[in-house]
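# Structural overview for review
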Amino acid sequence: MTTNGAARHGHLPAQFHPACNRSAECGAYWSVLTVSRFVVQLHDATTLHFDLRLQIGGVLRSWAVPKGPSLDPAVRRLAVPVEDHSISAGDFEGVREGQSRGSGAVIIWDEGPAEIVRTEPEHVSFVVSGRKLSGGFALTRTGEHRWILVKVRDEHARPGSDVVAERPASVRSGRTWQDLAGVLTSTEQAGPPARMTGQEAEQRRRV
Ligand code: MN
């Protein structure tokens, strides 16, 4: 948070107050007051993956993280750098039709203010304050198109936890990616997505 922003607290409309607990409004608050922002979108494209985006230099620098972030510092997650996105792309939740890389269902899995601590060609570290993720994270390049995302050992670390499995839904709407993708088309079909094979999920998705 900028000191400038902190000084303006008292003049903000009530819905932009830090105590607000509806994330769309908090999102507006963050865009007003913070130097940076992060968003993690869960994207049902050719393969299901998470898109980690960090606001750096007027764009959202982005990595595709197949298994998503973890709060366990012992867990190393592959993060593949992808093209920068516009700031507004971080607000998208919905379904994009078509066959392009960005198509498919997208939910905003987590978001919030971020402080970018270091940006180097082969290392980016940052501290976030999201609904699901908090504290420090580090991205380190380990090869061509290959980075590793890890949780920094701090008071927000939760060894042994699996935040992706525990909290699958959108922080904005409460919907899951299956809700958007139409995977669950009736109560008979409802069940843990983990039970479905990829092929079954694919077939249901096309219904
Ligand atoms: Mn994606």
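What you are looking at is a predicted structure, and each value in this text was computed from that prediction instead of being measured.

## Overview of the pairing of strand β2 (residues 48-56)
- Along β2, seven of the nine residues are buried, which leaves the element largely enclosed by surrounding structure.
- The antiparallel pairing of strand β1 (residues 37-44) with β2 creates a hairpin that spans three residues between the two strands.
- Bridge count for β2 against strand β3 (residues 59-65) is seven bridges, and the pairing is antiparallel. In the strand pairing of β3, L52 is matched with W63.
- The hairpin turn running from β2 into β3, its antiparallel successor, is two residues long, and G57 in that turn takes a positive phi close to 60°.

## Here's the deal with the environment of A74
- Positionally, A74 belongs in the loop between β3 and β4 (77-85).
- The exposed category is assigned to A74, around which 11 C-beta atoms lie within 10 Å.
- Remark: the alpha-carbon pair of A74 and R153, spanning 79 residues in sequence, is separated by 9.0 Å.

## Comments concerning the pairing of strand β8 (residues 134-143)
- Bridge count between strand β7 (residues 123-129) and β8: seven bridges; the pairing is antiparallel. When the bridges of β8 are listed, V124 appears paired with L139.
- Between the end of β7 and the start of β8, which pair antiparallel, lie four residues.
- The turn linking β8 back onto strand β9 (residues 146-151) is made up of two residues, and H145 within it adopts a positive phi angle of 55°.

## Quick look at the confidence of the model for the chain
- Scored by pLDDT, the chain has a mean of 80; 71% of the residues are at 70 or more.
- Mean pLDDT across the elements of the chain bottoms out in helix α1 (residues 3-8) (38) and peaks in β9 (98).
- Every residue in residues 185-196 is under pLDDT 50, and counting partners more than four places away or in other chains gives eight contacts.
- Confidence drops under a pLDDT of 50 for residues 203-207, and excluding neighbours within four residues, the segment shows eight contacts in the predicted structure.

Conventions we followed
Residues numbered from 1 in each chain as written. Predicted model: local features only at pLDDT ≥ 70, side-chain atom pairs only at ≥ 80, totals over all residues. Buried ≥ 20, exposed ≤ 12 C-beta atoms within 10 Å, placed from the backbone. Helix = DSSP H or I, 4+ residues; strand = E, 2+ residues; numbered from the N terminus. Pairing = 2+ DSSP bridges. pLDDT = per-residue confidence, 0-100. Contact = placed C-beta atoms within 7 Å.

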